[in-house]
Structures are given as structure tokens and as C-alpha cells.
Amino acid sequence: MTKVLTEREVSCYRERGYHFPVEVLSEAEVAEFRGKLEDYEGQAGGPIKGEMRHRSHVLFTWINDMVRHPKILDAVEDVIGPNILCWNTSFFFKEARDPGFVSWHQDATYWGLSSSDVVTAWVAMSPANKISGCMKFVPGTHLKQVEHEDTFDKNNLLTRGQEIAVKVDEKDAVLVELKPGQASLHHVLLFHGSEPNRSEDRRIGLAIRYIPTHLKQAVGQRDWATLVRGKDDYRHFAPEHVPRSDLEPEALAFHKAVTDEQVRVLYRGTGKTEYRA
């Protein structure tokens, strides 16, 4: 028995590589989470930069709460089963009228994981639509890994500015329009990208990467994850720090150590040693 998705929706996910929308956060929850984010940014003097955008759930209590949200996990469980690790989180910001974009790509290309049995829950914290630069999916493209080329384009929001090295027909693309509090689910090999934000509001999304517990890191010597549902009989990943308060010293130290290792995996072969600003 499924928890949130119907059997037909699960079947369509496996066939197309995605499902949306999923109702996960209430209006009040979205307002609270966005308020906490922007309170931090006000204190920091600007948007979260570089490495702080990644694996943020070990730094901020409210993001740790979000990755454990029952409505998100119920939907993810319908796709990958009851034993779930949160492997990573990544913020994708597009400021109002910003040229930032995401090229066509597959998520898993540089992650080094042993399997593509990974689902991304992309949670909208502001309107994600055609004007604000919502994601675009190409149905059915999640069945094999394809070659990518690195561009390191300054306006590309991806770590390496990577883009698929094969022709993508835009007429096949599906717009992933989401209201604040809705989420999309997509397979990590699905072709996806997004255009710049042409609206007057920020486009804010949190991508949460969930994996079943049987996966392991096949490239890096060490990796970490947080058990968010079920049990982990494999223990392929070391447990992550769970923050008791935002940006506590232990969290910052842990995040630095993990980021250094992850950068070595993500940027292998490029000479890069830190996340792009």
C-alpha cells in the first residue's frame, strides 16, 4: 500500500522519471521556513553563498526539520521504500530578474554513488513557474547516464556548470510549475534544467536528495548521511551531525570536514578545491 502517491502515480514515476505536484508544506510552514532563511540572510548580509548552500540540514535546525517532514517522507517512501537516508540538501536561489540558470543535466553524474536509485524532492519555498524559472523535465530520459561537458559558466547554478553533451529537444520539455509548499519528485538521471528568473520575487527551492540505505559511496573514501525513516542495516554511510541550534560550533566543524571530502568527489579531475561562490 502506498502512503501518498497512488499506484498509478508510482507507475508513472517509474515510466517518466518524475511526479508532481506533491502537497508537503502548509502555507504557515512555508512562511515560517522562508522567514527563518531570510532572517539568517539579513544577519549575514546577503544570500547563502558557496558551501553553505549544500548539506545545509546539518547547519540549521529548521532545515533538519524539513528533511524529516512526514509528508515529504511519505511520498519518497512510495518511490524508494521504507528505509530512507537523507544524503544531501542543496538550495537553488534565483533572485528577482537574475540571469542565473540551470543547464540541461542529470543530477547523479558526479556524485559517485553506487546506484542511481535516488530521488530528489524539490520543495518550492516561493512560486516556481515559467516566469520565475521553474524546472523543466524531459520525460523518460532517466534510463541511462549520458556524457556531460563542464562549462563553469558564471551564471550556471550547477557546481561545474555541467550540461548534457547530447541534443535536447525543448519541445519535449515539461514545465514543473509549483506553488509554495508543493514539491516535485524526480529520478537523478532525469534530464532537467531551468531558465532565469524574470519575475519580481525570488525563486527559492530546496532540493533534498534521498537514497535507500543499501547505496554506498563508490568514489569517495568516506561519505555521510542521516537516517530519516526506517532502519539502516547496511551502515555504508557515517551518521551526520544533527544540529541542536543553528550554526553551532560542532555543526560548522562537521560541515567543513564533510564539504572538503564532497568537493574532492564533485570536482574530481578539474583542479577545483571549493564550491563556487
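Further up the page is the structure itself.
Residues numbered from 1 in each chain as written. Predicted model: local features only at pLDDT ≥ 70, side-chain atom pairs only at ≥ 80, totals over all residues. Heavy atoms only, no water.

Caption draft 1: Broad picture of the overall build of the chain. When its secondary structure is counted, the chain shows 5 helices and 13 strands. On C-alpha atoms alone, the chain measures out to a radius of gyration of 17 Å, which is about the 19 Å that the 2.2 N^0.38 rule sets for 277 residues. With the C-alpha coordinates of the chain rotated into their principal frame, the extents come out at 50 × 45 × 45 Å. Taking the intrachain contacts of the chain between residues at least 6 apart in sequence as the baseline, contacts between residues at least 24 apart amount to 84%. Of the roughly 12400 Å² that the chain leaves accessible, carbon and sulfur atoms contribute 50%. Between the centroid of the 36 positive side chains of the chain and the centroid of its 41 negative side chains there is a distance of 3 Å. (Helix = DSSP H or I, 4+ residues; strand = E, 2+ residues; numbered from the N terminus. Rg over C-alpha atoms; globule rule 2.2 N^0.38 Å. Contact = heavy atoms within 4.5 Å. Areas by Shrake-Rupley, 256 points an atom, 1.4 Å probe, with all protein chains shown as cover. Lys, Arg positive; Asp, Glu negative; His and termini not counted. Charge placed at Lys NZ, Arg CZ, Asp CG, Glu CD.)

Caption draft 2: Just the packing of aromatic side chains, in detail. This structure, assessed with the given rule, holds 10 aromatic pairs. Centroid distance Phe-20 to Phe-137: 6.4 Å. Interplanar angle 75°. Geometry classified as edge-to-face. Linking Phe-20 in strand E1 (residues 18–23) with Phe-137 in strand E5 (residues 135–137), this pair joins segments that are 117 residues apart in sequence. Geometrically, the ring pair formed by Trp-224 and Phe-254 is edge-to-face, given 6.2 Å between the ring centres and 85° between the ring planes. Separated by 30 residues along the polypeptide, Trp-224 in strand E12 (residues 224–229) and Phe-254 in helix H5 (residues 249–266) bring together distant segments of the chain. Residue Trp-224 is classed as buried on the basis of its relative accessible area, which comes to 9%. A relative accessible area of 16% means that Phe-254 is categorised as buried. Through a chain of ring-to-ring contacts, three or more aromatic side chains come together here, namely Phe-33, Tyr-40, Phe-60, Trp-62, Phe-91 and Phe-93. Over the ring of Tyr-18 we find Arg-16, and its NZ or CZ is 4.8 Å from the ring centre. The ring of Trp-87 is capped by Arg-55, whose NZ or CZ atom sits 6.0 Å from the centre of that ring. (Phe/Tyr/Trp six-rings, centres within 6.5 Å; stacked < 30°, edge-to-face > 60°. Buried < 20%, exposed > 50% of the residue type's maximum accessible area, 1.4 Å probe, protein only. Lys NZ or Arg CZ within 6 Å of the ring centre and 35° of its normal.)

Caption draft 3: How the structure looks around the pattern of salt bridges. Here the structure, examined in full by the defined rule, presents 18 salt bridges. Between Lys-171 and Asp-169 there is a salt bridge whose closest N-O contact spans 2.6 Å. According to the relative accessible area criterion, Lys-171 is exposed, its value standing at 66%. A residue is classified by how much of its surface remains accessible, and Asp-169, at 35% relative accessible area, is partly exposed. A salt bridge links Asp-260 to Lys-256; the shortest N-O distance between them is 2.8 Å. (Salt bridge = Lys/Arg side-chain N within 4 Å of Asp/Glu carboxyl O.)

Caption draft 4: Region of the structure containing the sheet that holds strand E13 (residues 238–239). Ordered by their spatial adjacency, 7 strands build an open sheet running E1-E9-E4-E11-E2-E12-E13, and the pairing between neighbours is mixed. Only two strands of the sheet have a single partner each, and these edge strands are E1 and E13. Sheet topology places strand E2 (residues 84–94) next to strand E11 (residues 203–212); 10 bridges connect them, and they run antiparallel. In the sheet register, Phe-92 faces E11, and the bridge partner there is Gly-205. Together, E1, strand E4 (119–124) and strand E9 (182–187) form the strand contacts of helix H1 (residues 7–16), whose direction differs from that of E1 by roughly 140°. (Pairing = 2+ DSSP bridges. Axes fitted to C-alpha atoms, helices over the stretch in contact; angles between N-to-C directions.)

Caption draft 5: Molecular detail of the nonpolar core. Among the nonpolar cores identified, the biggest contains 44 residues, and Met-66, Phe-91, Leu-185 and Tyr-210 are the most heavily contacted of them. Ranked by residues supplied to this core, first place goes to helix H4 (residues 70–80) with 6 residues. With residues up to four places along the chain from it excluded, the contact list for Phe-91 reads Leu-37, Ile-48, Arg-53, Ser-56, Trp-62, Ile-63, Met-125, Ile-204, Gly-205 and Leu-206. Grouped together as the second largest cluster of nonpolar side chains are 14 residues, Phe-92, Met-135, Phe-137 and Ala-207 included. (Core = buried A, V, L, I, M, F, W, Y, C linked by side-chain atoms within 4.5 Å.)

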